[in-house]
Amino acid sequence: PLSLHDALPIFQVPLKRLPGRSCRNLPPADLCLFERPRFARPLCRAGGGIPVHFCQGFEGTDIENRISAIRSQQGLLRRLPELWNLWRRKRQIDRAYRLPTAKVTVHHHLQDLMESRFGQTAYFVPYGLPEGVFTPPRRRRYDGQTILVVGPTDTGWKRVGDALEAIRLLKEAY
């Protein structure tokens, strides 16, 4: 597999990682690419280049689902501190996405979400994989079907647990 470090000489793109989380004293750049909402405001303020939000998913969805689940349960008063923290986090995420950053998405539904929810143009840029990479070979050395689920199980918005549950249900059905 080709790593980012190996690919950089091909594209002749200099990569500079900054120590810590500070966006002060950014070096001059044409673009400042970020993927986490917490970097939106500091990069907009820094003025070190066009801030480009690389959106591979919307962090607010998991929070909205958790808020809905809490509100539908009994004992809401006990969970008000948790609910307050979720609402606060949701506001932070929404504010970050409303900032005037260029938005690049890797899925059409994210492009639609950015445009409808935040009123900003989003640009769909598909992953740059060669055609046929994920096509199973016609001949295999084994019989059966294989499903590989990759991702951190402790990150709720990745929904790896849902994928594993769907596989379990499929196995029961067939």
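Residues numbered from 1 in each chain as written. Predicted model: local features only at pLDDT ≥ 70, side-chain atom pairs only at ≥ 80, totals over all residues. Heavy atoms only, no water.

A.B. asks: Go over the sheet that holds strand β2 (residues 50–55) with me, naming the residues and quoting the values.
C.D. replies: Ordered by their spatial adjacency, four strands build an open sheet running β1-β2-β3-β4, and the pairing between neighbours is parallel. Two strands bound the open sheet, and with one partner strand each, they are β1 (31–34) and β4 (122–124). Adjacent strand axes in the sheet meet at a mean angle of 25°, parallel and antiparallel pairs treated alike. The sheet contact formed by strand β3 (residues 102–105) and β4 spans three bridges and is parallel. Of the residues in β4, the one forming a bridge with K103 is A122. Relative to β4, helix α5 (residues 108–118) is tilted by about 170°, and along the sheet it contacts β2, β3 and β4. (Pairing = 2+ DSSP bridges. Helix = DSSP H or I, 4+ residues; strand = E, 2+ residues; numbered from the N terminus. Axes fitted to C-alpha atoms, helices over the stretch in contact; angles between N-to-C directions. Contact = heavy atoms within 4.5 Å.)

A.B. asks: How would you explain helix α4 (residues 80–98) if you had to name every residue and give the values?
C.D. replies: In a regular helix each residue adds 1.5 Å, so 19 residues correspond to 27 Å; α4 covers 27 Å between its end C-alpha atoms and thus fits that length. Among all positions of α4, only L83, L86, I93, D94, A96 and Y97 are buried. Around the axis of α4, the buried residues are gathered within 160° of arc, so they sit on the same side. Packed against the buried residues of α4 are α2 (40–46), β2, α3 (60–72), β3 and α5. (Expected span 1.5 Å × (residues − 1). Buried < 20%, exposed > 50% of the residue type's maximum accessible area, 1.4 Å probe, protein only. Arc of directions from axis to C-beta.)

A.B. asks: How would you summarise the side chain of T105 if you had to cite specific residues and measurements?
C.D. replies: As for its placement among the helices and strands, T105 is situated in strand β3. For T105, a relative accessible area of 0% corresponds to the buried category. Residues within four places of T105 in sequence aside, it is in contact with C55, L110, Q111, M114, A122, Y123, F124 and V125.

A.B. asks: Outline the pairing of β2, supporting the account with residue identities and numerical values.
C.D. replies: One ladder, built from four bridges, connects β1 with β2; its direction is parallel. Residue pairing across strands places F34 opposite H53, the latter belonging to β2. After leaving β1, the chain enters α2 and then returns to the sheet as β2, a path that is right-handed. Pairing of β2 with β3, which is carried by four bridges, proceeds in the parallel orientation. If you follow F54 over to β3, its bridge partner there is V104. (Right-handed = clockwise from strand over helix to strand, strands pointing away.)

A.B. asks: Please give an account of the packing of α4 against α5 that cites residues and values.
C.D. replies: For the pair α4 and α5, interaxial distance at closest approach is 10 Å and the crossing angle is 95°. Classified by the angle their axes make, α4 and α5 are roughly perpendicular. Of the residues in α5, those touching α4 at K90, D94, Y97 and R98 are M114, R117 and F118. Of the residues belonging to the contact of α4 with α5, the class tally is three nonpolar, no polar and four charged. (Parallel < 35°, antiparallel > 145°, perpendicular 65-115°, else oblique. Nonpolar A, V, L, I, M, F, W, Y, C, P; charged D, E, K, R; others polar.)

A.B. asks: Tell me about α5, and please be specific about residues and values.
C.D. replies: Turning to α5, its buried residues number three or more, namely L110, Q111, M114 and F118. The arc that holds every buried residue of α5, seen down its axis, measures 105°, which confines them to one face. The exposed residues of α5 that point more than 90 degrees off its buried face are H109 and S116. On its buried side, α5 packs onto β2, α4, β3 and β4. Phi turns positive one or two residues past the end of α5, at G119, with a value near 65°.

A.B. asks: So what about the packing of aromatic side chains? Which residues, and what values?
C.D. replies: A full pass over the atoms with the stated rule returns three aromatic pairs. A centroid spacing of 5.1 Å and a plane angle of 70° characterise the contact between F58 and Y97, whose relative ring orientation is edge-to-face. In this pair, F58 sits in the loop between β2 and α3 while Y97 sits in helix α4, placing the two residues 39 residues apart along the sequence. By relative accessible area, Y97 is classed as buried at 0%. (Phe/Tyr/Trp six-rings, centres within 6.5 Å; stacked < 30°, edge-to-face > 60°.)

Honestly, it's all geometry; don't read function into it.
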